[in-house]
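The chain contents come next:
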Amino acid sequence: MLPAVAACGLAFFCLTLWCAVTVARMRDLSAWRRFLPLALFLIAAGASLLRAFDIPEAANAIAFPLNLAVVVLSLREIRIRRQQAQETHRTAEEGNGAVA
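Because the structure is predicted, anything quoted here is derived from the model rather than measured. (Residues numbered from 1 in each chain as written. Predicted model: local features only at pLDDT ≥ 70, side-chain atom pairs only at ≥ 80, totals over all residues. Heavy atoms only, no water.)

Caption draft 1: Up close: the packing of aromatic side chains. Taken as a whole and judged by the stated rule, the model has two aromatic pairs. Ring geometry for F13 versus F41: centroids 5.5 Å apart, planes at 45°, classification tilted. In this pair, F13 sits in helix α1 (residues 2-24) while F41 sits in helix α2 (residues 31-48), placing the two residues 28 residues apart along the sequence. Relative accessible area serves as the criterion here: at 40%, F13 is assigned to the partly exposed category. Classification of F41 as buried rests on a relative accessible area of 7%. (Phe/Tyr/Trp six-rings, centres within 6.5 Å; stacked < 30°, edge-to-face > 60°. Helix = DSSP H or I, 4+ residues; strand = E, 2+ residues; numbered from the N terminus. Buried < 20%, exposed > 50% of the residue type's maximum accessible area, 1.4 Å probe, protein only.)

Pasting the structure below:
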């Protein structure tokens, strides 16, 4: 059971890190929107380190909600960017269809 829990935790950590880095690489966003998920991720990682100092209550109260916020905010930004790219692609196709 412990390896399954560890695997799920590692997968969620990797998902959170991927989401935060993906949003940080979006140059068309304002700086605070780009780096908010990454900052929340780093705060959550720091809160998780509190477990090493025998303060698991604070780590449990802070780390997981912040990681969840990172994933939600990042996926929202990624989804908005994909929708804008699709709209741009559709507009370009319609413009090419009208000219031909």
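Once the structure has been displayed, the description carries forward.
Caption draft 2: Structural context of the nonpolar core. In this structure, A20, L40, F41, A44, L66 and V70 together form the largest nonpolar core, which totals six residues. The set of elements that each furnish at least two residues to this core consists of α2 and α3 (56-99). The greatest single-element share of this core, amounting to three residues, is contributed by α2. Each residue touching L66, except ones within four places of it in the same chain, is listed here: L40, I43 and A44. (Core = buried A, V, L, I, M, F, W, Y, C linked by side-chain atoms within 4.5 Å. Contact = heavy atoms within 4.5 Å.)

Caption draft 3: Region of interest: the packing of α1 against α2. At a closest axis distance of 7 Å, the pairing of α1 and α2 adopts a crossing angle of 155°. Comparing the axis directions of α1 and α2 gives the class roughly antiparallel. The handedness of the crossing between α1 and α2 is left-handed. Here α1 contributes F13, T16, L17, A20, V23 and A24 to the contact with α2, which in turn contributes R33, R34, F35, P37, L38 and F41. Here the contact of α1 with α2 is composed, by residue class, of nine nonpolar, one polar and two charged. (Axes fitted to C-alpha atoms, helices over the stretch in contact; angles between N-to-C directions. Parallel < 35°, antiparallel > 145°, perpendicular 65-115°, else oblique. Left-handed = near helix turned anticlockwise from the far one by under 90°. Nonpolar A, V, L, I, M, F, W, Y, C, P; charged D, E, K, R; others polar.)

Caption draft 4: Just the side chain of S74, in detail. Its location among the elements puts S74 in helix α3. You can call S74 buried: its relative accessible area is 0%. Residue contacts for S74: discarding those within four places in its chain leaves C19, A20, V23 and P37.

Caption draft 5: Structural view of α2. With 18 residues, α2 should reach 26 Å at 1.5 Å per residue; the first-to-last C-alpha distance of 26 Å fits that figure. Of all the bends in α2, the greatest measures close to 25° and is centred on P37. Along α2, the residues classified as buried are R34, P37, L40, F41, A44 and A47. (Expected span 1.5 Å × (residues − 1). Bend = angle between axes of the 7 residues up to and from the residue.)

Caption draft 6: Representation of α1 within the structure. Taking 1.5 Å of rise per residue, the 23 residues of α1 would be expected to cover 33 Å, and the 33 Å separating its terminal C-alpha atoms lies within 8% of that figure. For α1, the set of buried residues is T16, C19, A20, V23 and A24.

Caption draft 7: Examining the pattern of salt bridges more closely. Counted according to the given criterion, the structure contains three salt bridges. Across the salt bridge formed by E77 and R33, the nearest N and O atoms sit 2.7 Å from each other. Here E77, found in helix α3, pairs with R33, found in helix α2; they are 44 residues apart in sequence, far enough to count as distant. Among the residues examined, E77 registers a relative accessible area of 6% and is labelled buried. (Salt bridge = Lys/Arg side-chain N within 4 Å of Asp/Glu carboxyl O.)

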